[in-house]
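Below, each chain spelled out in residue letters.
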Number of protein chains: 2
Amino acid sequence: MKKITIADVAKHANISKSTVSQYLNNRFDYMGEKTKERIAQSIRELDYKPNIVARSLKQKTTFTIGVIVANMLHVFSTQVLRAIEDVCHAQDYHVIVCNSDDDPKKEKKYIEMLHAKQVDGLIVFPTGENKELYEGMVNEQFPLLFMDRFVEGLNIDSFLIENEKAAKIAVDHFVSKGYENIAILTKELLKNVTPRVERVQGYKKALKAHGIEVAEKFIIGEEVEHIQEKLKEVFSLPTPPRAIIAGNDLVLIQILQFAKENEMNIPEDLGIIGIDEVSFASIYSPPLTTISYPSYEMGKDAAELLLKKIRKEENSMSSEIHRYQPELIERRSC
Amino acid sequence: MKKITIADVAKHANISKSTVSQYLNNRFDYMGEKTKERIAQSIRELDYKPNIVARSLKQKTTFTIGVIVANMLHVFSTQVLRAIEDVCHAQDYHVIVCNSDDDPKKEKKYIEMLHAKQVDGLIVFPTGENKELYEGMVNEQFPLLFMDRFVEGLNIDSFLIENEKAAKIAVDHFVSKGYENIAILTKELLKNVTPRVERVQGYKKALKAHGIEVAEKFIIGEEVEHIQEKLKEVFSLPTPPRAIIAGNDLVLIQILQFAKENEMNIPEDLGIIGIDEVSFASIYSPPLTTISYPSYEMGKDAAELLLKKIRKEENSMSSEIHRYQPELIERRSC
DNA sequence: TTGTACGCGTTATCAG
DNA sequence: CTGATAACGCGTACAA
């Protein structure tokens, strides 16, 4: 059961490989009707399928891109991926998906392997730890885009949420409702991941703009496993928070759990605003006020830009930061 | 800025391509130390990267597999994908991800393209509408696995949840708690997708086993957009349901919304069991009783089997149905 | 140990 | 309109 190649088809149709190749590439400017027919016939009879690897070798293009996310279990990543895949499908590209798990080594290995596999471009949620590597690809003019995270001084198109604004919207809303002692909770602050640092930054700025003093004790960063203890600690303070911003969906669930276990009334005892839309926001009791942003659109725009750069319709050298606006969805938790 | 090939390295090191190739493939059984050093040196200086496409053409293997899911926005798909990616990463394979959107045409196009791209194997959440195509691949001995959905009479390894049992567990639990008028809600029943039909089947069987008559009006299938109206209709019946099984997470949210809007008390007015674990199950009021199953494990096992078949460590001809056990997580909604 | 020559499947070029 | 022939980059007998 040997694979049939273009040579077999040629032999079967009694013509040369080149003619068959032309046929396959729709270059029948001057091809005889009868020849066309014979080729079509042979292809059908032999059930010939072109070998795209061979074509890629010759054409130096694979019609495949790579996407390296931190972790595709995150809802945001999933939505971005889905958008990318949709755009690629529409333009006959395929997508190789990888999880870096925020591990620079893993990220590096993936980038190098995908590059070696000759993918035509890459969309990365960067760990930020492989600057030289990123830089090398830019110099090579390799189509590369960053998503969700920014890496300083690198001249690479980046698609980001207006994170400071997201935090500001939350603070403003709390203030307008008369809340005091507003806290913010995110995952560990150690890692300087763009969304986290920007959100905290925006939180601070917004407080200052309202003439409220920033209290470090209200800026909480903790690994998910230890959030409950941490929360307990913070809410045992003489002046505990009366309002809290959840830095993302996971952290929001932790807060809700804590509030529930301690029988705190929302929004009376504690106001809550979650950054990230969650599936259960509108059915929760009370319905949760959240801040959402256009994940799908971000993925779509990124994919479209990448494909343009791949086709050189867009200058692969110029680069900018694309910012997306967060939006308050007011419900009842604040 | 020309690409460096193995020939350039050879020239630079003043030896032949074959020697370099051997070096790259760790076949230095009899290679001179000095030669090895020279090669390493040249590779570094020229920053040579092997072209994997060329290697694939020669070796007829791409170290890439394809996964076609119905829609990667579904939590189950995401978890399965993540597991597959983990296994593949550990064995240096890459994963191309595609969304069929339950469209047989799209599925067909993907399968054919991926095949042409010479992926080494495929894991598919089948639409079920491309039997001939699936069959062709089996005959070709192409490594192919099905996930979540079963296609009759096809001799292809399939990884499925014990769906009937999941429904049975729910029914049994309701009955043991003294509930009557137990309904089941799924998305449209028209499409004969394995999980849906098996769950309804299991529901019926379980009721019968308890000597309870099956009422067609309690078997509800509806598109997500119209679920609210449908629910309104069903709960206006003379004897409305007192308990309801949510066929999946999306449908569960719809039920919760309906219950909330109509101020129904859970579990007093209405008992609820959701098939599919959801992130907010334990923080909801009341905490939701759900039935979960090992998605990650399913993806992991599938990927491992696929890679074995690819390496011919496993007979690609033999095939079986792998069933996974659902588990009741009792909380307070029933 | 190393070098030569050829194959992998397709496409591009250039005669005819 | 069609057909040789040479790439594309790598791997590998086989020869030396």
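Note that the structure is predicted; figures quoted are calculated from it, not measured. (Residues numbered from 1 in each chain as written. Chains lettered and ligands numbered in written order. Predicted model: local features only at pLDDT ≥ 70, side-chain atom pairs only at ≥ 80, totals over all residues. Heavy atoms only, no water.)

Right, let's get into the side chain of Asn248 of chain B. Residues and elements named next belong to chain B. If you trace the backbone, Asn248 turns up in the loop between β8 (243–246) and α11 (249–261). Overall, Asn248 belongs to the buried group, its relative accessible area being 14%. A polar contact of 3.0 Å, which involves the side chain of Asn248, links it to the backbone nitrogen of Val251. Setting aside anything within four residues of it in sequence, one finds Asn248 in contact with Lys187, Ile275 and Asp276. (Helix = DSSP H or I, 4+ residues; strand = E, 2+ residues; numbered from the N terminus. Buried < 20%, exposed > 50% of the residue type's maximum accessible area, 1.4 Å probe, protein only. Polar contact = N/O pair within 3.5 Å; in protein donor to acceptor, adjacent residues only side chain to side chain. Contact = heavy atoms within 4.5 Å.)

A few words on the domain arrangement of chain A. Domain annotation for chain A reports domain 1 (6–50), domain 2 (61–161 + 295–323) and domain 3 (163–293). Measuring from the centre of the C-alpha atoms in domain 1 of chain A to the corresponding centre in domain 2 of chain A gives 38 Å. (Domains from an automatic or database assignment.)

A negative phi angle characterises most non-glycine residues, just as the trans form characterises most peptide bonds. Residues and elements named next belong to chain A. Along the chain, Ile266 connects to Pro267 via a cis peptide bond; the corresponding omega equals 5 degrees. The topology assignment puts Pro267 in the loop between α11 (249–261) and β9 (271–275). At Asn14, a residue that is not glycine, the phi angle is positive and equals roughly 65 degrees. One non-glycine residue, Asp47, adopts positive backbone phi at about 55 degrees.

Right, let's get into the packing of helix α1 (residues 6–13) of chain B against helix α3 (residues 33–46) of chain B. Residues and elements named next belong to chain B. Packing of α1 against α3 brings their axes to within 9 Å, and their N-to-C directions diverge by 120 degrees. In terms of orientation, α1 and α3 fall into the oblique class. Every pair of crossing elements has a handedness; the one defined by α1 and α3 is right-handed. The segment α1 lies against α3, with Asp8, Val9, His12 and Ala13 engaging Arg38, Ile39, Ser42, Ile43, Glu45 and Leu46. Considering only residue class, the contact of α1 with α3 consists of five nonpolar, two polar and three charged. (Axes fitted to C-alpha atoms, helices over the stretch in contact; angles between N-to-C directions. Parallel < 35°, antiparallel > 145°, perpendicular 65-115°, else oblique. Left-handed = near helix turned anticlockwise from the far one by under 90°. Nonpolar A, V, L, I, M, F, W, Y, C, P; charged D, E, K, R; others polar.)

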